[in-house]
2 protein chains.
Amino acid sequence: MPRAGLTPDRVVDAAISLVDDRGLDALTLAAVAERCGVAAPSLYKHVSNLADLRTLVGVRVLAEMTDRLAAAAMGRSGPDAVGSVMRAYRDYAVAHPARYAAMPVDPLHQPEYAAAGQRLLDVMRAALRPWRLSDAQMVHTMRAARVITHGFASLESAGGFGLPEDLDESYELLIQMYLTSLPLTHAAQES
Amino acid sequence: MPRAGLTPDRVVDAAISLVDDRGLDALTLAAVAERCGVAAPSLYKHVSNLADLRTLVGVRVLAEMTDRLAAAAMGRSGPDAVGSVMRAYRDYAVAHPARYAAMPVDPLHQPEYAAAGQRLLDVMRAALRPWRLSDAQMVHTMRAARVITHGFASLESAGGFGLPEDLDESYELLIQMYLTSLPLTHAAQES
DNA sequence: GCTAGAAAGCTAATACACGTAGCCAGATCA
DNA sequence: TGATCTGGCTACGTGTATTAGCTTTCTAGC
């Protein structure tokens with residue numbers, strides 16, 4: 001009967017450690033409750049339901065990754081910043097594959113995620129600022145970065161590449177391909 | 001008491017139509033059974049369990065997509081063939097988002113998928129043949145194609161892009177970026 | 001310090017889902 | 001025709017999400 005002292009945040013903590021340990025599919029209220037030392041229905045005092053918990057986990061992961069990307073861009077500019085952000089993206093996904101799988105792919109379309117998703121985009125947008133792209137160019141350029149980073153990270157973190165060898169090189173080649181495709185303006189001279 | 005005349009293939013048919021209609025998460029044995037006009041346990045006469053059914057769906061989808069890609073490459077060569085295969089990949093994923101989500105990301109690591117997965121890779125490898133890449137180059141080049149196609153297709157089919165506008169153009173720019181990155185050898189003169 | 005009430009835990013019960021066991025009828029084949 | 005195999009069924013056990021309603025603990029105000 002002593003209280004466990006749960007809060008929504010602590011429930012999310014438990015959920016994330018569970019996901020890290022046993023994969024995204026193991027994220028069940030029963031398992032989270034056990035990890036919290038509490039009966040399953042008690043979780044409903046802190047979280048609306050399983051869907052809500054999943055959302056909270058997604059928001060947490062999105063925010064955490066954004067922090068990493070922002071840190072990776074800090075103190076860098078131009079191609080250096082862009083490459084650094086792209087590497088940090090991959091690093092996070094490979095270091096925490098199950099968390100990466102918990103990240104929503106369409107954050108901007110769901111209000112719960114919108115703020116965190118916008119912040120992540122802003123990090124990349126800032127890194128691309130030196131190129132002084134038009135709005136339309138910026139849209140295509142951001143999309144291309146997202147395609148490459150998400151494509152590579154989701155494949156690698158899910159074990160999608162047949163051979164583990166030379167993955168670093170494959171990714172560096174993609175980053176070079178991407179940087180090379182950027183228009184040769186202001187930023188290109190900075191590097 | 002009249003027999004329903006089920007076979008594993010017909011069960012997979014029902015599963016796929018269910019996935020098309022109601023999404024991958026709706027793929028449950030109960031729902032498939034209802035669609036087949038049969039009680040749930042009867043499905044076990046044709047399919048080992050839910051995991052097995054999921055695998056069979058994945059194999060079917062993988063094979064279906066491979067057929068599309070092969071058809072897209074037919075009668076083309078060089079950049080034309082590569083671009084055509086990449087467009088066909090996206091087209092399939094967007095036309096059948098739930099099926100695309102059912103496709104395994106690591107087919108080569110699971111024996112059930114290996115044959116179908118290998119066949120898909122062969123289509124792309126054939127399209128890249130004119131460049132006469134070394135083995136190591138071929139690995140990186142195939143990976144890059146996979147990253148771009150899967151990255152774009154998975155994001156678009158999951159509603160991951162904020163704005164629906166200009167997606168065709170974004171994809172064409174990526175294809176151009178990719179083709180431009182290929183070494184200027186034999187094939188480049190054919191186009 | 002006492003007490004009212006909110007907050008946080010619990011048990012019990014419902015609704016589904018997967019999966020197993022074992023029964024029965026219809027098809028097949030000697 | 002009759003034996004056997006196959007494909008259906010019902011009944012059951014387990015696990016999960018979720019709701020309802022009870023009880024205990026903490027906290028605020030007097």
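Residues numbered from 1 in each chain as written. Chains lettered and ligands numbered in written order. Predicted model: local features only at pLDDT ≥ 70, side-chain atom pairs only at ≥ 80, totals over all residues. Heavy atoms only, no water.

1. Overview of unusual backbone geometry
All names here are of chain A.
Moving on, step 1. For Arg132, which is not glycine, the phi dihedral falls at a positive 50°.
Moving on, step 2. Position of Arg132 relative to the elements: it lies in the loop between helix 6 (111–128) and helix 7 (135–157).
Moving on, step 3. By relative accessible area, Arg132 is classed as exposed at 66%. (Helix = DSSP H or I, 4+ residues; strand = E, 2+ residues; numbered from the N terminus. Buried < 20%, exposed > 50% of the residue type's maximum accessible area, 1.4 Å probe, protein only.)

2. So, the packing of aromatic side chains
Residue and element names in this part refer to chain A.
Moving on, step 1. If you walk through the whole model with that rule in mind, you get 6 aromatic pairs over all chains.
Moving on, step 2. Arranged with centres 5.7 Å apart and planes meeting at 80°, the rings of Tyr89 and Tyr100 form a pair that is edge-to-face. With Tyr89 in helix 4 (residues 78–95) and Tyr100 in helix 5 (residues 97–102), this pair connects stretches of sequence that are 11 residues apart. Grouping residues by exposure puts Tyr89 and Tyr100 together as buried.
Moving on, step 3. Joined through ring pairs, the aromatic side chains of Phe152, Phe161 and Tyr171 make up one cluster. (Phe/Tyr/Trp six-rings, centres within 6.5 Å; stacked < 30°, edge-to-face > 60°.)

3. A look at the packing of helix 4 of chain A against helix 8 (residues 167–181) of chain A
Residues and elements named next belong to chain A.
Moving on, step 1. Taken N-terminus to C-terminus, the directions of helix 4 and helix 8 make an angle of 140°; their axes are 11 Å apart at the nearest point. The orientation of helix 4 with respect to helix 8, classified from their angle, is oblique. Like other packed secondary-structure pairs, helix 4 and helix 8 cross with a definite hand, here right-handed. Each of Pro79, Val82, Gly83, Met86, Arg87 and Arg90 in helix 4 lies in contact with helix 8, whose residues at this interface are Leu167, Asp168, Tyr171, Glu172, Ile175, Tyr178 and Leu179.
Moving on, step 2. Of the residues belonging to the contact of helix 4 with helix 8, the class tally is 8 nonpolar, 1 polar and 4 charged. (Axes fitted to C-alpha atoms, helices over the stretch in contact; angles between N-to-C directions. Parallel < 35°, antiparallel > 145°, perpendicular 65-115°, else oblique. Left-handed = near helix turned anticlockwise from the far one by under 90°. Contact = heavy atoms within 4.5 Å. Nonpolar A, V, L, I, M, F, W, Y, C, P; charged D, E, K, R; others polar.)

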